[in-house]
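Remarks on the overall topology
These are the residues of each chain, in order.
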Amino acid sequence: MTDKTWDATWDAVDRFIADYLVEDDPALQAALEASEAAGLPAINIAANQGKLLMLLARAIGARRILEIGTLGGYSTIWLARGLPSDGRLITLEANPDYAEVARANIARAGLGGKVGLRIGRAQDTLPDLTAEGPFDLIFIDADKPGTPGYFQWAVKLSRRGSLIVVDNVVREGAILDASGGDANVQGMRRFFELAATDPRVSGTALQTVGAKGHDGFAILLVTAAP
């Protein structure tokens, strides 16, 4: 079986899952269409992955969520829908053009009152969130070289029992390349090193295949107060 055949199968299985278990949603579809029309890169999470985030938020009873990397707000909408009526989500986006698209998408979904969008480099905006935590769920899906630093901040902004989810940790298997010059891969390898040696977290990672190709995500439980 060729790689292209595998890719077609992965995509078809994702569609099968979504057809059965992910409800049609005009606001989410509109967010994808608006993002595409604005020229944003098509790197948003898949629908079944978005619903997983929502279910995780509901399962742990999250009231405060932090997202690092907004893009067009597709994952933001999923996460915010996992919150109770008085819950709050803060999402960080470095690109003001992306943030403008995301803000409109979030408002169209009726979630503007739950979501605070902060524009600026996460390295600069994360220190300002100390008084707004701790966060119950943190989703990291931003620039990959910055992920090690974002992870360290995520732990600081957590509490015992918080979940940290990190996307794109496998990089089509390139995570195995210790000597390569890809800054994205090296950022993720450094993240794994930090996660493995931080006594305050216990985690694992899963590789995934699907509409977004071959990648994976890590999920970490904060087991001790930061």
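Look up: the structure comes first, before these words.
An account of the accompanying structure is given in this report. (Residues numbered from 1 in each chain as written. Predicted model: local features only at pLDDT ≥ 70, side-chain atom pairs only at ≥ 80, totals over all residues. Heavy atoms only, no water.)

Further remarks concern the side chain of Lys-114. For Lys-114, the position within the fold is in the loop between helix 5 (96-108) and strand 3 (115-119). Despite its burial, Lys-114 remains without a salt bridge, the nearest opposite charge being carried by Asp-86 at 7.6 Å. Polar contacts involving the side chain of Lys-114 include one to the main-chain carbonyl oxygen of Leu-83, which spans 3.3 Å. Aside from chain neighbours lying at most four places away, what touches Lys-114 is Ala-80, Leu-83, Pro-84, Ser-85, Gly-87, Arg-88 and Leu-89. (Helix = DSSP H or I, 4+ residues; strand = E, 2+ residues; numbered from the N terminus. Buried < 20%, exposed > 50% of the residue type's maximum accessible area, 1.4 Å probe, protein only. Lys, Arg positive; Asp, Glu negative; His and termini not counted. Salt bridge = Lys/Arg side-chain N within 4 Å of Asp/Glu carboxyl O. Polar contact = N/O pair within 3.5 Å; in protein donor to acceptor, adjacent residues only side chain to side chain. Contact = heavy atoms within 4.5 Å.)

Viewed as axis vectors pointing N to C, helix 7 (residues 147-156) and helix 8 (residues 183-197) meet at an angle of 30°, and their least axial separation amounts to 8 Å. Put simply, helix 7 runs roughly parallel to helix 8. Packed against helix 7, whose contacting residues are Thr-147, Pro-148, Phe-151 and Gln-152, the element helix 8 presents Gly-187, Met-188, Arg-190, Phe-191, Leu-194 and Ala-195 at the interface. Grouping the amino acids of the contact of helix 7 with helix 8 by side-chain chemistry returns six nonpolar, three polar and one charged. (Axes fitted to C-alpha atoms, helices over the stretch in contact; angles between N-to-C directions. Parallel < 35°, antiparallel > 145°, perpendicular 65-115°, else oblique. Nonpolar A, V, L, I, M, F, W, Y, C, P; charged D, E, K, R; others polar.)

This brings us to helix 2 (residues 26-37). When the terminal C-alpha atoms of helix 2 are compared, their 16 Å separation across 12 residues agrees well with the 16 Å that a helix rising 1.5 Å per residue should span. Within the sequence span of helix 2, burial applies to Ala-27, Leu-28, Ala-30, Ala-31 and Ser-35. The buried residues of helix 2 occupy one face: seen down the axis, they fall within an arc of 160°. Exposed and oriented more than 90 degrees from the buried face of helix 2 are Pro-26, Glu-36 and Ala-37. Here the buried face of helix 2 lies against helix 4 (74-80) and helix 5. Directly after helix 2, the chain includes Gly-39, whose backbone phi takes a positive value near 85°. (Expected span 1.5 Å × (residues − 1). Arc of directions from axis to C-beta.)

What follows deals with the sheet that holds strand 5 (residues 163-167). Strand order in the open sheet formed by seven strands is 3-2-1-4-5-7-6, and the pairing between neighbours is mixed. If you trace the sheet from one side to the other, it starts and ends with strand 3 and strand 6 (201-210), each paired once. Between one strand and the next, the sheet's axes are offset by a mean angle of 15°, whatever the strand orientation. Together, strand 2 (88-93) and strand 3 form the strand contacts of helix 5, whose direction differs from that of strand 3 by roughly 170°. (Pairing = 2+ DSSP bridges.)

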